[in-house]
Amino acid sequence: MIARALFFAALLAGPGPMTAAAQTPDVTDTMFMNDAAGSRRVGHIVGIDANSFKVEVVLAVGGAKATVGVPRAQVSRVEFAPNDSRARLIASPTAANAAAIGVEWRHWQPFLGIAKSPAGAIGNAYAAALLATADSKQAGEALALFRSIEQTAWSDSDKAVAKQGRLRALVATGHAAEAVAEAVALAKDSEDPAVLIEAKFILAEAAAAKLRKLVEDNPRWTEDPLVRPEHDRLYNEALYLYLHPYLFLGSETDAASRGLWGALQIYRFGGDDANAVESARDLTALYAGTRYAALAREYLDKLPDALKKQDAEKEANTDAGK
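No experiment lies behind these values; they were computed from the predicted model shown.

A.B. asks: How should I be thinking about the overall build of the chain in this particular structure?
C.D. replies: Tallying secondary structure elements over the chain gives 14 helices and 6 strands in all. For the chain, the proportion of its 322 residues judged to be buried stands at 41%. A fraction of 52% describes how many contacts in the chain between residues 6 or more apart in sequence connect residues 24 or more apart. Surface summary for the chain: the accessible area is close to 17000 Å², and the carbon and sulfur share equals 53%.

A.B. asks: Looking at this structure, how should I read unusual backbone geometry?
C.D. replies: Peptide bonds are trans in most cases, and residues, glycine excluded, mostly fall at negative phi. One non-glycine residue with positive phi stands out, namely K116, at about 75°. As for its placement among the helices and strands, K116 is situated in the loop between α3 (98-108) and α4 (119-132). Residue classification places K116 among the exposed residues on the basis of a relative accessible area of 57%.

A.B. asks: What am I meant to see in helix α6 (residues 156-172) here?
C.D. replies: For an α-helix, the turn length of 3.6 residues means that residues three or four places apart are oriented alike. If you check α6, its first and last C-alpha atoms are 24 Å apart, about what 17 residues at 1.5 Å a residue would give, namely 24 Å. Of all the positions in α6, only D158, A160, A162, Q164, G165, R166, L167, A169 and L170 are classed as buried. At its buried positions, α6 is contacted by α4, α5 (136-152), α7 (176-189) and α8 (193-217). One or two positions beyond α6, positive phi appears at G174, with a value near 85°.

A.B. asks: What is the right way to look at the nonpolar core in this model?
C.D. replies: In summary, soluble globular proteins display a tendency toward joint burial of nonpolar side chains. Of all hydrophobic cores here, the largest spans 80 residues; its most connected members are M31, I45, F53, F111, Y242, I266 and Y299. The greatest single-element share of this core, amounting to 11 residues, is contributed by α8. Setting aside its immediate chain neighbours within four residues, I45 contacts D29, M31, F53, K54, V55, V78, F80, H107 and F111.

A.B. asks: When you look at the layout of surface pockets in this model, what are you seeing that I'm missing?
C.D. replies: By rolling a water-sized probe across the atoms, one finds the places where empty space is left. Computed from the structure, the largest pocket encloses a volume of approximately 1400 Å³. In this structure, the largest pocket is lined by 42 residues; those nearest its centre are A128, R168, E198, D254 and R258. Taken together, the elements giving at least two residues each to the lining of the largest pocket come down to α2 (84-91), α4, α5, α6, α7, α8, α10 (253-269) and α12 (291-301). Top element by residues in the lining of the largest pocket is α8. It accounts for 9 residues. Split into classes, the residues belonging to the lining of the largest pocket amount to 26 nonpolar, 8 polar and 8 charged.

A.B. asks: Would you mind showing me how to read the packing of α6 against α8 here?
C.D. replies: Between α6 and α8, whose axes approach to 9 Å, the crossing angle comes to 10°. By the angle class used here, α6 and α8 are roughly parallel. Between α6 and α8, the residues in contact are A160, K163, Q164, L167, R168 and V171 and A194, V195, E198, A199 and I202, respectively. Partitioning the contact of α6 with α8 into residue classes produces 7 nonpolar, 1 polar and 3 charged.

A.B. asks: Would you mind going over the packing of aromatic side chains with me for this structure?
C.D. replies: Aromatic ring pairs: the centre-centre distance and the angle between the two ring planes describe each pair. Counting across every chain of the model gives 4 aromatic pairs. Relative to F111, the ring of F80 lies with its centre 5.8 Å away and its plane at 85°, an arrangement referred to as edge-to-face. Pair noted here: F80 is in the loop between β6 (75-79) and α2 and F111 is in the loop between α3 and α4, with a separation of 31 residues, a long-range link. When its relative accessible area of 1% is taken as the criterion, F111 is described as buried. The structure contains a cluster of three or more aromatic residues connected by ring pairs, namely F80, W108 and F111. Across from the ring centre of F53, 5.9 Å away, lies the NZ or CZ of R72, which sits over that ring. Its end group placed over the ring of F201, R258 keeps NZ or CZ at 3.7 Å from the ring centre.

A.B. asks: Any chance you could explain the environment of P82 here in plain terms?
C.D. replies: Following the sequence through the fold, P82 ends up in the loop between β6 and α2. Looking at P82, the relative accessible area reads 76%, which means it is exposed. As for P82 and P118, which are separated by 36 residues in sequence, their C-alpha atoms are 9.1 Å apart.

A.B. asks: What exactly am I supposed to notice about the side chain of S257 here?
C.D. replies: Mapped onto the secondary structure, S257 falls in helix α10. With relative accessibility at 0%, the residue S257 sits in the buried group. There is a polar contact of 2.8 Å between the side chain of S257 and the backbone oxygen of T253. Residues contacting S257, with those up to four places away along its chain left out, are L283, Y287, T290 and Y292.

A.B. asks: Would you mind showing me how to read the packing of α4 against α5 here?
C.D. replies: Packed helices, taken two at a time, are described by their axes: the angle between them and the distance between them. The contact between α4 and α5 brings their axes to 8 Å, and the two run at 160°. The pairing of α4 with α5 is recorded here as roughly antiparallel in orientation. Handedness of the crossing formed by α4 with α5: left-handed. Residues G120, G123, N124, Y126, A127, A128, L130 and L131 of α4 touch α5, and the partners they reach there are Q138, A139, E141, A142, L145, F146 and I149. Tallied by class, the residues present in the contact of α4 with α5 amount to 10 nonpolar, 4 polar and 1 charged.

Calculation notes
- Counting restarts for each chain: residues are numbered from 1 in the order of the written sequence.
- Selection of residues for local features in this predicted model requires a pLDDT of at least 70, selection of side-chain atom pairs for listing and counting requires 80 or more, and totals for whole chains, interfaces and linings are taken over all residues.
- Hydrogens and waters are ignored; side-chain quantities use all the structure's heavy atoms.
- The secondary structure listing takes helices from DSSP runs of H or I that are at least 4 residues long and strands from runs of E that are at least 2 residues long, numbered from the N terminus.
- The cut-offs for exposure are 20% and 50% of the maximum accessible area for each residue type, with area from a 1.4 Å probe on protein chains only; residues under the lower value are buried, those over the upper are exposed, and the others partly exposed.
- The contact rule is simple, with two residues in contact once any of their heavy atoms fall within 4.5 Å.
- All accessible-area figures derive from a Shrake-Rupley calculation using a 1.4 Å probe, and residue coverage is judged against the displayed protein chains alone.
- Given a helix with a known number of residues, its expected span is that number minus one, times 1.5 Å.
- Grouping buried Ala, Val, Leu, Ile, Met, Phe, Trp, Tyr and Cys residues that are joined through side-chain atoms within 4.5 Å yields what is termed a nonpolar core.
- Residues are called lining when one of their atoms sits within 4 Å of a cavity or pocket point, these points coming from a 1 Å grid over the protein atoms alone, where a cavity is a set in which a 1.4 Å probe fits but cannot get out and a pocket is an open set with protein on both sides within 12 Å along at least five of seven lines.
- Grid points are joined across faces, edges and corners, and a volume is the space filled by probe spheres set on the points.
- Under this grouping Gly is polar, as are all residues other than the nonpolar Ala, Val, Leu, Ile, Met, Phe, Trp, Tyr, Cys and Pro and the charged Asp, Glu, Lys and Arg.
- Under this scheme, a helix contributes an axis fitted over its contacting stretch, all axes are lines through C-alpha atoms, and angles between N-to-C directions fall in the 0 to 180 degree range.
- By definition in this entry, angles of less than 35 degrees are roughly parallel, angles greater than 145 are roughly antiparallel, angles of 65 to 115 are roughly perpendicular, and the rest are oblique.
- In this analysis, rings of Phe, Tyr and Trp, with Trp reduced to its six-membered ring, are considered paired at centre separations within 6.5 Å, and the interplanar angle assigns stacked below 30 degrees, edge-to-face beyond 60, and tilted for intermediate values.
- Look at NZ for Lys and CZ for Arg. If either is within 6 Å of the ring centre and within 35 degrees of the ring normal, a charge sits over the ring.
- Polar contact is defined as a pair of N or O atoms within 3.5 Å, subject to the rule that within protein one atom must be able to donate a hydrogen and the other to accept it, and that residues adjacent in sequence are counted only when both atoms are side-chain atoms.
- In this scheme the crossing of two helices becomes right-handed for a clockwise turn of the near helix relative to the far one and left-handed for an anticlockwise turn of less than a right angle.

Given below as structure tokens:
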């Protein structure tokens with residue numbers, strides 16, 4: 001009890017070096033203090049409220065852990081300890097790991113506005129995992145979470161990711177028109193490549209949906225001089241928007257492969273088997289590790305022999321005399 005009392009007294013007395021009364025725990029976060037000496041304090045930050053950080057340390061006597069408060073006003077900045085297992089968890093958010101990411105998010109949510117905290121990245125991963133469940137209620141939760149991160153996260157990059165996620169969540173919650181309206185503005189004004197990619201993808205999906213609806217409503221569109229121009233416009237618009245990341249940002253693997261797969265579907269819908277096959281081959285060759293490449297391989301495997309033997313690029317070179 002004496003050792004514990006001495007420790008609390010030393011820690012709460014004000015800025016200064018950590019005393020010998022305590023040891024640092026396995027997870028070590030570093031707080032940089034506002035004092036003239038620029039001193040540091042270390043421990044495991046386990047919580048936060050309006051006034052203080054809650055810090056866990058290990059007492060030298062008996063190895064027991066104690067949690068104390070360090071006034072936020074006395075802390076200039078914090079360096080949070082890295083966590084490899086957490087980084088791996090949030091790197092690939094899926095419906096299967098949504099619950100596990102949710103546990104992390106509930107712990108880190110109060111730190112969303114604290115500089116250098118991983119809260120924004122964790123929140124974005126959790127929202128993406130919720131969207132992956134394809135459940136309407138969880139899509140609504142994802143939309144609210146993306147909005148919160150976009151408004152209050154300390155990191156501009158986390159805010160940008162949240163903006164992209166919010167567009168996807170708007171579509172998933174039945175607010176496609178709102179998503180498209182915002183995507184139009186972003187496609188014109190955004191200078192962030194990642195945001196631009198997401199905006200163009202939303203617009204590609206909208207153009208593809210309009211194209212399919214037009215053909216459904218006008219099965220003889222090829223014979224209608226009033227409908228055919230709109231068909232061709234939507235067809236070309238969808239292709240251009242889907243292919244944008246593949247053509248101009250090919251190193252963005254996820255976006256480029258997603259867009260190439262979207263273009264493949266448009267080619268198939270339009271009866272352009274040659275370009276559909278070439279898109280599938282590009283997917284399997286350039287983006288072999290993606291889920292869209294797996295879909296492309298499945299498509300190629302099911303083709304009739306005549307199409308499997310077809311090589312549009314070779315035929316084009318032959319026609320050009322190469």
